[in-house]
Amino acid sequence: MRHVDFSPLYRSTVGFDRLFSMLDSIGQPEQAQAYPPYNIERTGENAYRITMAVAGFDETELSIESRANVLTVKAEKAEDTKASEGDFLYRGIATRAFERRFQLADHVEVQNASLKNGLLHIDLLRNIPEAMKPRRIAIATDASDAPKQIEAQVTPTQVN
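Residues numbered from 1 in each chain as written. Predicted model: local features only at pLDDT ≥ 70, side-chain atom pairs only at ≥ 80, totals over all residues. Heavy atoms only, no water.

As recorded in an unreviewed UniProt entry, the chain goes by Hsp20 family protein and comes from Agrobacterium cavarae. Within the UniProt record for the chain, the comment given under Sequence similarities (unreviewed entry) is "Belongs to the small heat shock protein (HSP20) family." (UniProt positions renumbered as here; feature names shortened; annotations may be inferred.)

See the structure below:
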């Protein structure tokens with residue numbers, strides 16, 4: 001795949017460095033592991049849910065961390081003494097450790113997480129601050145609402 005040069009955009013934009021590096025990394029060959037499988041769904045206008053299949057793990061073996069627009073889900077299986085006693089003829093249930101990272105947009109926060117029937121559900125909400133929400137500006141139509149001019153007297157000592 002070819003590399004895209006974003007340098008012309010750097011000349012006319014400020015603060016989009018993270019976006020350009022994300023776009024650049026999309027073009028790289030897929031190096032991420034495919035385990036565990038997951039879904040990302042939109043559950044509302046500003047609500048999302050990540051569902052991961054984590055069969056064989058319990059809540060004490062999973063950790064979820066959100067830092068600097070990155071959501072990290074880690075799992076490490078505790079030593080199971082019962083499993084080491086028997087000899088497996090076939091082992092198809094993967095219980096290997098994993099770490100999966102998701103890039104979050106600005107103002108996306110983790111609301112809660114739950115584990116049910118081997119599925120880890122992580123609910124996310126985009127919480128846009130009031131200062132960033134669009135607001136309607138009233139337009140004055142009356143002449144009395146027009147902006148006032150500032151009048152001042154200039155004395156000869158002020159003019160040089």
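That shown, we press on.
The next thing to look at is unusual backbone geometry. Despite not being glycine, Ala68 has its phi angle at roughly 50°, a positive value. Structurally, the position occupied by Ala68 is in the loop between strand S3 (62-67) and strand S4 (70-75). Relative accessible area serves as the criterion here: at 69%, Ala68 is assigned to the exposed category. If you check the backbone angles, His107 has positive phi at about 70° while not being a glycine. With respect to the helices and strands, His107 occurs in the loop between strand S5 (98-103) and strand S6 (108-116). (Helix = DSSP H or I, 4+ residues; strand = E, 2+ residues; numbered from the N terminus. Buried < 20%, exposed > 50% of the residue type's maximum accessible area, 1.4 Å probe, protein only.)

With antiparallel pairing, the three strands of this open sheet are ordered in space as S3-S4-S5. Looking at the sheet topology across the chains shown, the edges are occupied by S3 and S5. Sheet twist, expressed as the mean angle between neighbouring strand axes with direction ignored, is 15°. (Pairing = 2+ DSSP bridges. Axes fitted to C-alpha atoms, helices over the stretch in contact; angles between N-to-C directions.)

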